[in-house]
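# Chains, contacts and geometry: an overview
Each chain is listed here by its residues.
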Amino acid sequence: MSSKALNKKMDMLLARELAGELSHSKKSRTLRKLHANKLAVIGSGIFLVILILCIFAPLFTRFSSTDVDLRNRLSPPGSVHIFGTDQIGRDIWARILYGGRVSILVGMGSAIGATIIGVSFGTYAGYKGGFLDAMIMKTSELFMSFPQIILVLILVTITGQSLWNIIFIFVLTGWPSMYRMTRSQMLSIREEEYVQALRAFGINDFLIAFKHMLPNAIGPIFVNITLSTAMFILQESALSFLGLGVPSNVSTWGNVLSPAQNITILRENWWIWLPVGSVLTIFVLAINFIGDGLRDAADPTQIG
Amino acid sequence: MVSYILRKFLHLIPMLFVISFLIYLGIELMPGDAVDFMISPDEMATVSAEALAQMRSTLGLDKPFPVRYFIWLGNLLRGDFGYSLQSGVAVSTLVMNTLPATLELSVAALLISTLAGSFLGVFSALRKNSIADNALSIAGMIGVAIPQFLFGLIAIIVFVFNLGWFPVGGRMAPGQEAFLQRFEYLVLPAIVLGLSMTAGVMRYSRASMLDSLNRDYVKTARSKGLPEWRVNLVHGFRVACTPVAVLIGFRLPMLIGGAVVIEQIFQWPGLGVMFLGAVRSQNTPIVMMVGFFSVLLVLLASIIVDILTAILDPRIKFN
């Protein structure tokens, strides 16, 4: 039971970490720990700012992300278009904000989808073991023996390009690592005495796995959700940059960046790629800071 | 030893069997069959249904799906990997023409990332919590967060346009085939790809070096009065190397996959660019076969890594 109490303590720490409370309280923590938490707090701040800007995009720009204005093509940043316009006169700032909605949706949606599948498989199969576990393990090995981007592009060829197909593909290629992570957690929790006790009481396998064991593995799962959100946002941007992701009429950060493949635009029209590239990088950086902070908070060896 | 290697290869067979089946399923799932691609659309109206059926049966397309799969698998084993839908060129020719360029780029990048990553990782571990250590870990975080293609574009702007140090893209100028002549083409894409893979190695080798420095044998070595560099490098780093070698094994899929985006930006005529072109034009046979080859390479590479670690680490037994 002591491990349960410890986990409860960790969960509380985790919750407070998310709320950003820990950065200036606990004096017992080491300096390095404080430093890491500061980054997590800064990360959450940046994350929220960009999220709010994107969700409430109409409040922050009066332009649409799709309206073409051929008289104002490639105009540099100025008082009307604060980040200028692209090669068919769309406002860059509006495209960054509205594009963020889609990019963040793809990143978070895929991460959550992959987590739900990977964690449910991992929890049940990791607890039960046997044939089911071996089958799912083999399947995940199959997925993981492909280089990630090759597999994604093969699936793009089969399903065609659309927003929902991209999310579906990311979920399909993302669940195996989630599954393996959860499974290894469950394998160690399975040996604990309280699980044996529950089993001796004849409690239903589903209940043991999902209600009693899964909550004790939740820390690393949250770390993985944040880190894979960042990874999927990067992957979406790379795919869309190559013209193989979300269809180009939908604004996403990758689609906004893709004109930079043209050498002339790259050299002469920095405002087309630099602002959106920076927003993308800063957002991913912020998520990684949050993920690292969560990892430190969830790691029992690092609690001071 | 020999039986260990043989067993590893035998384990490969069921995996390849399943993957080849999925790959074939992918080819079959695409609308249309070989006959549709052999006859141009305007001729299609003039060809009678019997003639079409005749063609399908000569090609074996009227046979049930499992039979067709085994025919395809037989062709595969004989080295017939199918043909490009657009140009009719054999897929094996296309792969063989582009694979060397990709391997050249990605092996260079793997070397750069391994050397730079382990050097920087050990350096930060030895100067734990110093300004340099913190600066490197922040740089590593930014390195992971910046999209690879953006990093590549910025490198092009700075080193090609502003400084003029490197040619703008491609693998070689016409007529320059010797490695030294085309070396300047390789430098920038290899460094960009290598640096974008460095952060992971750096983080990992820093952690394993720190772990190894805390061990008793390092303290023993120090208490014997050995010079500090010898303690760190000979006693600390040698043991820290093993997990780093394992990490490099995990990164082998990147040899093929990681280069796709960088190849596109630098117009490097490798497998990745050819693959992207095939994905764009829905050229299924090429897409599927590149997928098959990359899995094959990854699996073979991981066997080689297994064997190498077994040779290097005496604790691993061959069974």
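None of the values given here were measured: they were computed from a predicted structure. (Residues numbered from 1 in each chain as written. Chains lettered and ligands numbered in written order. Predicted model: local features only at pLDDT ≥ 70, side-chain atom pairs only at ≥ 80, totals over all residues. Heavy atoms only, no water.)

Regarding its fold elements, chain A presents 13 helices and zero strands. Mapped in sequence order, the helices and strands of chain A form the string α-α-α-α-α-α-α-α-α-α-α-α-α. Counting only C-alpha atoms, chain A reaches 75 × 50 × 30 Å along its principal axes. By residue count, 53% of the 304 residues in chain A fall in the buried class. (Helix = DSSP H or I, 4+ residues; strand = E, 2+ residues; numbered from the N terminus. Buried < 20%, exposed > 50% of the residue type's maximum accessible area, 1.4 Å probe, protein only.)

Residues and elements named next belong to chain A. Remark: helix α4 (residues 92-128) packs on helix α7 (residues 163-190), axes separated minimally by 5 Å, with the N-to-C direction vectors making an angle of 35°. Both α4 and α7 take part in a crossing whose hand is right-handed. Taken together, the residues that form the contact of α4 with α7 break down as 20 nonpolar, 10 polar and three charged. (Axes fitted to C-alpha atoms, helices over the stretch in contact; angles between N-to-C directions. Left-handed = near helix turned anticlockwise from the far one by under 90°. Nonpolar A, V, L, I, M, F, W, Y, C, P; charged D, E, K, R; others polar.)

A separate point is the packing of aromatic side chains. The geometry of an aromatic ring pair is captured by the separation of the ring centres together with the interplanar angle, meaning the angle of the planes. By the definition in use, this model includes 17 aromatic pairs over all chains. Relative to Tyr179(A), the ring of Trp175(A) lies with its centre 6.0 Å away and its plane at 70°, an arrangement referred to as edge-to-face. In this pair, Trp175(A) and Tyr179(A) both sit in helix α7, four residues apart, roughly one turn of the helix. By relative accessible area, Trp175(A) is classed as buried at 6%. Taking the relative accessible area as the measure of exposure, Tyr179(A) reaches 0% and is therefore buried. Ring centres of Phe17(B) and Phe70(B) lie 6.3 Å apart, and the angle between their planes is 35°; this geometry places the pair in the tilted category. Taken as a pair, Phe17(B) in helix α1 (residues 2-29) and Phe70(B) in helix α5 (residues 65-77) lie far apart in primary sequence, 53 residues in all. The exposure class of Phe70(B) is partly exposed, given its relative accessible area of 49%. What links up through ring pairs into an aromatic cluster is the set Phe17(B), Phe21(B), Tyr24(B), Tyr69(B) and Phe70(B). (Phe/Tyr/Trp six-rings, centres within 6.5 Å; stacked < 30°, edge-to-face > 60°.)

A few words now on helix α5 (residues 130-144) of chain A. End to end, α5(A) covers 21 Å across 15 residues, agreeing with the expected 21 Å (1.5 Å per residue, within 8%). In this fold, the buried residues of α5(A) make contact with α4 and α7 of chain A together with α1 of chain B. (Expected span 1.5 Å × (residues − 1). Contact = heavy atoms within 4.5 Å.)

A word on the environment of Gln54(B). Within the element layout of this structure, Gln54(B) appears in helix α4 (residues 49-59). With 178 residues separating them along the chain, Gln54(B) and Asn232(B) place their C-alpha atoms 75 Å apart.

For the rest of this paragraph, the subject is the interface of chain B and chain A. At the interface, 43 residues of chain B touch 36 residues of chain A. Summed over both partners, the interface of chain B with chain A buries about 3600 Å², with 82% contributed by carbon and sulfur atoms. The largest per-residue losses of area from chain B upon contact with chain A belong to Met141(B), Phe149(B) and Phe161(B), which jointly make up 16% of the total buried on that side. Put simply, chain B and chain A have one salt bridge between them. Put simply, Arg203(B) and Asp292(A) hold a salt bridge, and the shortest N to O gap is 3.1 Å. With eight residues, helix α15 (residues 284-312) of chain B is the largest single contributor of residues to the side of chain B that touches chain A. Residues that form the side of chain B that touches chain A fall into these classes: 33 nonpolar, eight polar and two charged. (Buried area = accessible area lost by both parts, 1.4 Å probe. Salt bridge = Lys/Arg side-chain N within 4 Å of Asp/Glu carboxyl O.)

Attention now moves to the confidence of the model for chain A. In this model, chain A carries an average pLDDT of 82, and 90% of its residues clear a pLDDT of 70 or more. Across chain A, the element-wise mean pLDDT spans from 73 in helix α1 (residues 2-18) of chain A up to 91 in α4(A). (pLDDT = per-residue confidence, 0-100.)

On the surface, Ile158(A), Phe17(B), Val18(B), Phe21(B), Leu22(B), Leu25(B), Leu29(B) and Phe70(B) cluster together into a nonpolar patch covering about 670 Å² of accessible area. The element contributing the most residues to the nonpolar patch is α1(B), with six residues. If you trace the backbone, Leu22(B) turns up in helix α1. (Patch = residues over 30% accessible without salt bridge, like charges linked within 9 Å, V, L, I, M, F, W, Y side chains within 5 Å. Areas by Shrake-Rupley, 256 points an atom, 1.4 Å probe, with all protein chains shown as cover.)

On to the domain arrangement of chain B. Residues and elements named next belong to chain B. Looking at the assigned domains, one finds that chain B contains domain 1 (2-77) and domain 2 (92-312). Contacts between the two partners involve 15 residues from domain 1 and, on the opposite side, 14 residues from domain 2. Both sides of the domain 1 and domain 2 interface together cover about 1300 Å² of buried area, and 89% of this is carbon and sulfur. One can count zero salt bridges joining domain 1 with domain 2. Summed over the shared surface of domain 1 and domain 2, the result is zero residue pairs in polar contact (both at pLDDT 80 or more). Top contributing element to the side of domain 1 that touches domain 2 by residue count: α1, with 12 residues. The class makeup of the residues in the side of domain 1 that touches domain 2 is 12 nonpolar, two polar and one charged. (Domains from an automatic or database assignment. Polar contact = N/O pair within 3.5 Å; in protein donor to acceptor, adjacent residues only side chain to side chain.)

Here the focus is helix α6 (residues 91-126) of chain B. Taking 1.5 Å per residue as the helical rise, α6(B) with its 36 residues ought to reach 52 Å, and the 50 Å between its terminal C-alpha atoms agrees with that figure. Most pronounced at Thr98(B), the bend in α6(B) amounts to some 30°, and the proline Pro100(B) follows within four residues. (Bend = angle between axes of the 7 residues up to and from the residue.)

In this section: the nonpolar core. Membership of the largest hydrophobic core comes to 136 residues, with the highest contact counts inside it found for Leu153(A) and Trp253(A). Of the residues that make up this core, three or more belong to each of domain 1 (2-77) and domain 2 (92-312) of chain B. The next biggest cluster of nonpolar side chains, apart from the first, holds 11 residues, and it includes Met186(A), Ile189(A), Val195(A) and Leu198(A). (Core = buried A, V, L, I, M, F, W, Y, C linked by side-chain atoms within 4.5 Å.)

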